[in-house]
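Structural overview
Below, each chain spelled out in residue letters.
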Amino acid sequence: MDYNSLVKPSYIKKIMDEYQFRFKKRFGQNFLVDKNILDKIVDSAELTAQHYVVEIGTGLGTLSLALAQVCAKVVTFEIDRDLAIIFREKHSKDNIVLVEEDALKADWKQVLQANGWSSQPVSLVANLPYYVTTPLVMKALEGDLDFEQIVVMVQKEVAERMLAEPGTKDYGILSLAVQYYATPTVVTQAPASVFMPAPEVDSTVVKLTPIKRETDLPAEDLFAVIRAAFSQRRKTLRNCLSSLCRQWGITNQQLLAVFAELDIEPTIRGEVLSLTQYQELTKRLLNLRISS
Ligand code: SAM
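Source: prediction; values computed, not measured.

To continue, consider the pairing of strand β6 (residues 150–155). Note on strand geometry: in a regular strand, side chains alternate between the two faces of the sheet. Extensive coverage of β6 is indicated by the burial of 5 of its 6 residues. In terms of strand pairing, strand β5 (residues 122–127) meets β6 through 4 bridges, oriented parallel. Across the sheet, residue V125 finds its bridge partner in β6, namely V151. Note on the crossover from β5 through helix α7 (residues 133–142) to β6: the handedness is right-handed. Where β6 meets strand β9 (residues 203–210), 6 bridges bridge the pair, whose relative direction is antiparallel. Pairing of V151 across the sheet is with K207, part of β9.

Pasting the structure below:
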């Protein structure tokens, strides 16, 4: 099957009639029907014939088939049995493995290994189901697979939060989490009209290039500080951090001294600090925790 046919709404309608298939909104089923955007997604992933690709949400297999043309193997997760049946009967290909599982629960590494992967380069490419965007992206960033690239279609507002700079309205925990683990860039914008059915929101394809961090600062502690700093948006940084500091045995005076050393005004709000400032702040708080 040529993936070019799969971006045609007339073909999708025909398949839907043949299988009596109805879109399931709860699974975020919006199929891509724009070849230009499809090609941009595939090109931006920079795949070679050695690459393995993890895809989340096979749908009818549009993106899977396009990816399979340029990489060694696509391992694609699909939660909806009805779609898995259609894919297997109509669109399957030798180098595509459809795994009928919830991608959030699945052990991606184990599934890859069971399908011949050992140390080949691996990337994640997906037109994501939006109801689980953040947990899936965080699983990809924090997990035990060293993805070379992560290229995902997400809701436009989510992309804005991923790319946001300190001090802007979109800046928050998601921006810091994504920017800690990766360098995010925009591949292309995708209006609602490039999907069938059209969703209520516009979309953006983002490319997250993972960063290898050589640091002894545990991510868990860094994000404990970040979460505390954003826990109450209207409170000052000092107030937001006070309960975590108590937990870590750090006094108010010590916290104020750390702020002074880092040239941070205690009355500012958490959303103006950069990732580097959060890293410095956490380092110093941990020194106090350890020595207390
Ligand atoms: N890849 C296809 C395309 O580009 O047209 C379909 C993309 S559609 C936005 C998202 C797909 O993810 C749907 O097929 C949906 O059934 C599937 N899906 C939803 N939740 C999932 C989950 N937790 N695990 C795996 N697949 C899921």
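Taken together, 22 residues lie around the ligand, and G57, E78, D102, N127 and Y131 are the ones closest in. Here a nitrogen atom of the ligand and a backbone polar atom of G57 are 2.7 Å apart. Notes on the ligand: free accessible area 590 Å², of which the protein chains cover 99%. With respect to the detected pockets, the ligand is housed in the largest cavity. Across the shell around the ligand, the residue classes tally to 10 nonpolar, 7 polar and 5 charged.

According to the domain assignment, the protein consists of domain 1 (3–210) and domain 2 (219–291). Taken over C-alpha atoms, the centre of domain 1 sits 36 Å from the centre of domain 2. Counting residues at the interface gives 11 residues for domain 1 and 14 residues for domain 2. Together domain 1 and domain 2 conceal approximately 970 Å² of surface at their shared face, both sides included; 75% is due to carbon and sulfur atoms. At the boundary of domain 1 and domain 2, one finds 0 salt bridges. Applying the counting rule to domain 1 against domain 2 returns 3 residue pairs in polar contact (both at pLDDT 80 or more).

The next thing to look at is helix α8 (residues 156–163). When α8 is considered as a whole, its buried residues turn out to be V158, A159 and M162. The buried residues of α8 occupy an angular sector of 100 degrees when the element is viewed end-on, so they sit on one face.

Here we take up the pattern of salt bridges. With the rule as written, the count across this model stands at 15 salt bridges. Among the ionic pairs, E18 bridges to K90, the shortest N-O distance being 3.0 Å. Pair noted here: E18 is in helix α2 (residues 9–19) and K90 is in helix α5 (residues 81–91), with a separation of 72 residues, a long-range link. Exposure remark for K90: the relative accessible area of 32% places this residue in the partly exposed category. Taking the shortest distance from any N to any O, the salt bridge between K283 and E280 comes out at 3.4 Å. Remark: E280 and K283 occur in helix α13 (residues 275–291); sequence separation between them is 3 residues, near one turn of the helix. Residue classification places K283 among the partly exposed residues on the basis of a relative accessible area of 36%.

Reading the values: rules and limits
Residues numbered from 1 in each chain as written. Predicted model: local features only at pLDDT ≥ 70, side-chain atom pairs only at ≥ 80, totals over all residues. Heavy atoms only, no water. Buried < 20%, exposed > 50% of the residue type's maximum accessible area, 1.4 Å probe, protein only. Helix = DSSP H or I, 4+ residues; strand = E, 2+ residues; numbered from the N terminus. Pairing = 2+ DSSP bridges. Right-handed = clockwise from strand over helix to strand, strands pointing away. Near = heavy atom within 4 Å. Polar contact = N/O pair within 3.5 Å; in protein donor to acceptor, adjacent residues only side chain to side chain. Areas by Shrake-Rupley, 256 points an atom, 1.4 Å probe, with all protein chains shown as cover. 1 Å grid on protein atoms, 1.4 Å probe; cavity = no way out; pocket = protein on both sides within 12 Å on 5 of 7 lines; lining within 4 Å. Sits in = over half its atoms within 2 Å of the grid points. Nonpolar A, V, L, I, M, F, W, Y, C, P; charged D, E, K, R; others polar. Domains from an automatic or database assignment. Contact = heavy atoms within 4.5 Å. Buried area = accessible area lost by both parts, 1.4 Å probe. Salt bridge = Lys/Arg side-chain N within 4 Å of Asp/Glu carboxyl O. Arc of directions from axis to C-beta.

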